Amino acid sequence: MERGVVKEMTKPEYEWTWKELPVGNVILEPGNASQYRTGDWKTLKPILNKELCVHCGLCYIYCPDMAYHLDEEGFFIADLFYCKGCGICSKECPTGAISMVLEEEK
Amino acid sequence: MEVSIAAAEAVKQCNVDVISAYPITPQTHIVEKLSELVANGELDAEFFCVESEHSALSVCVGAAAAGARAFTCTSSQGLALMSEITYIASGLRLPMLMILANRTLSAPLSIWNDHSDAMMIRDCGWIQFFVENGQEVYDHVFISYRLGEDRSVLFPVIINMDGFILSHVIEPIELIEQEKIDQFLPPYQPLYRLHPDRPITMGAYALPSIFAETKKAQEVALRSSMPKILETWKSFGDMTGRYYSPIETYKAEEADTLLVTMGSFGETASVAVDQMRKEGRSVGLVKIRLWRPFPFEAFKKATLHAKQLVVIDRAVSVGACGPVASEIKAALYGESIRPSIYNFVAGISGRDVAPSDFIKMVDKAEVEIEEGNREGFEIYGVRE
């Protein structure tokens, strides 16, 4: 599935009534896990200091949720829709370019 | 014909695709026979020799998810090891058949019969039958597949048959011609199945925001399978002349005292009822064939006229009472006029229960209830 293209979900899981569920709760839309916002689990979010970034891609490699993607300028950026805020990218970054900050702080 | 062999014959006649089981007494003969039938080419099925019962049922779940007709068979500790997967099979609404040759759960270790294994998974969400004799075992194999695979049902089914007492007994069994079976049981047409051409997900994680909806859907579906159960029994009866019902009664109409049994106890108890009737006593028998979904209405209809019920359990819910008795107490609680219930746990771990024992239990219960003990519970025949 193309990055960032979120398929139209019929509706969020909290809107389903028990009568509408498919038998056995089978999921009939392949790939709809991409519509699941794991990003709202986090308390800390990664912030990249582009001046320190050496484009090594270790954050991309280590990210357990594959939340990182390469932007047009050649930087690896975490997609906050998926990022759970685990901080592994920040820990692994060899230049200390990624800092974890509280979500509500700008 | 040995009942286990008849059961295997029925499974063969259902033309199953996958058999997966692990040997355990007393279900062994069924699977042994099936492996023979597969090995000599009489049955075109995949026979999986797995390393445990957990795997045995997991294979059946996978097979059913892929659209196969699956069969397994177990007892006692084997079921305990399978128990995790029993909830998964029903939650995924995958039809399959398990014959459970009921055997006591350890400890102490015992290979003999009682219902403690079945009661362990009482709430697993399968349709659960308790049969009384070999003919019922044979017949219910066809009934179970047709019922479970019906689009309006889609549940796995357990046939409980008393280990040794039924599994190893030799009795006359009327077999059904293959052409009739083929008519009665069409090939399995799954509603959903795992197939690379049409990807779906089975067994996905459910958040608290949707789990209760999924459970309600499952609960209502199992409860609502009752009309289809009755209809399937009716069609089977029309084909064979053998009609079954969720609750079967014997000389129960207008009887003051009713024995309530489940499984092979029924036949012995009916002999006891005959003897007591000869002595002019007002005693009848009520047999529970369908355990889940529990036939509340049929049970009330069969028992509400009685003064007292003598409920014979073949398992004990340690710290409470017999599980059948507690079910029945719950079933009758809403009635303003209801019979007294005296509960015996008898025949655990295969101890013989003769007609004379049923008479002694009725004697004891009638005296106790007369003296005001309306909710007695005891393990019968224990040396003091």
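Keep in mind the model is a prediction, meaning the values are calculated, not measured. (Residues numbered from 1 in each chain as written. Chains lettered and ligands numbered in written order. Predicted model: local features only at pLDDT ≥ 70, side-chain atom pairs only at ≥ 80, totals over all residues.)

Draft legend 1. View of the overall build of chain A. A tally of regular secondary structure across chain A gives two helices and four strands. Here chain A holds 106 residues, and the buried ones make up 15% of them. In chain A, the proportion of contacts linking residues at least 24 apart, taken out of those at least 6 apart, comes to 70%. (Helix = DSSP H or I, 4+ residues; strand = E, 2+ residues; numbered from the N terminus. Buried ≥ 20, exposed ≤ 12 C-beta atoms within 10 Å, placed from the backbone. Contact = placed C-beta atoms within 7 Å.)

Draft legend 2. Representation of the overall build of chain B in the model. Within chain B one finds 13 helices and 13 strands. For a compact globule of 384 residues, the expected C-alpha radius of gyration is about 21 Å, and chain B comes in at 21 Å, within 12% of that figure. Its C-alpha atoms put chain B at 70 × 50 × 45 Å along the principal axes. Burial analysis of chain B (384 residues in total) assigns 52% to the buried set. Looking at chain B alone, contacts between residues at least 24 apart form 80% of all its contacts between residues at least 6 apart. (Rg over C-alpha atoms; globule rule 2.2 N^0.38 Å.)

Draft legend 3. Inspection of the packing of helix α10 (residues 265–278) of chain B against helix α13 (residues 355–370) of chain B at higher detail. Residues and elements named next belong to chain B. Orientation of α10 relative to α13, taken along the N-to-C sense of each, is 65 degrees, at an axis distance of 8 Å. The crossing of α10 and α13 is right-handed. Between α10, through T268, A269, V271, A272, Q275 and M276, and α13, the contact on the second element is made entirely by P355, F358, I359 and V362. (Axes fitted to C-alpha atoms, helices over the stretch in contact; angles between N-to-C directions. Left-handed = near helix turned anticlockwise from the far one by under 90°.)

Draft legend 4. Representation of the domain arrangement of chain B in the model. All names here are of chain B. Here chain B is partitioned into domain 1 (3–239) and domain 2 (247–379). For domain 1 and domain 2, the distance between their C-alpha centres works out to 28 Å. For the side of domain 1 that touches domain 2, the secondary-structure elements that each account for two or more residues are α5 (116–120), β5 (127–130), β6 (157–162), α8 (208–223) and α9 (226–240). Element by element, the count of residues in the side of domain 1 that touches domain 2 is highest for β5, at four residues. For the side of domain 1 that touches domain 2, the residue count by class is 13 nonpolar, nine polar and five charged. (Domains from an automatic or database assignment. Nonpolar A, V, L, I, M, F, W, Y, C, P; charged D, E, K, R; others polar.)

Draft legend 5. Layout of the interface of chain A and chain B. Facing the 13 residues of chain A at the interface are 18 residues of chain B. Looking at the side of chain A that touches chain B residue by residue, the class counts come to nine nonpolar, three polar and one charged.

Draft legend 6. Region of the structure containing the nonpolar core. Ranked by internal contacts, the top residues of the largest apolar core, which has 120 residues, are A7, L259 and V310 of chain B. In contact with V310 of chain B, not counting residues within four places along its chain, are T257, L259, V260, Y342, F344, M361, V362 and A365 of chain B. Ranked by size, the runner-up nonpolar core spans eleven residues in total, among them A78, C93, A97 and I98 of chain A. (Core = buried A, V, L, I, M, F, W, Y, C linked by C-beta atoms within 7 Å.)

Draft legend 7. Structural detail: the sheet that holds strand β13 (residues 377–379) of chain B. Residues and elements named next belong to chain B. A sheet is described by the order of its strands in space; here six strands give the open sequence β7-β9-β8-β11-β12-β13, paired in mixed fashion. Single-partner strands in this sheet number two, and they are β7 (247–250) and β13. The sheet shows a mean angle of 20 degrees between the axes of neighbouring strands, direction not considered. Running over the sheet, α13 touches β8 (257–262), β9 (283–288), β11 (308–313) and β12 (340–345) and is turned about 135 degrees from β11. (Pairing = 2+ DSSP bridges.)

Draft legend 8. Expanded view of the packing of helix α1 (residues 3–13) of chain B against helix α6 (residues 134–149) of chain B. All names here are of chain B. Remark: α1 packs on α6, axes separated minimally by 9 Å, with the N-to-C direction vectors making an angle of 15 degrees. Viewed along their axes, α1 and α6 adopt a mutual orientation that is roughly parallel. As for how α1 packs across α6, the hand of that crossing is right-handed. Between α1, through V3, A6, A7, A10 and V11, and α6, the contact on the second element is made entirely by G134, V137, Y138, V141 and F142. Its residues assigned to classes, the contact of α1 with α6 shows nine nonpolar, one polar and no charged. (Parallel < 35°, antiparallel > 145°, perpendicular 65-115°, else oblique.)

Draft legend 9. Broad picture of the confidence of the model for chain B. Across chain B, pLDDT averages 97, with 100% of residues at or above 70. Listed scores for the predicted complex are pTM 0.92 and ipTM 0.87. (pLDDT = per-residue confidence, 0-100.)

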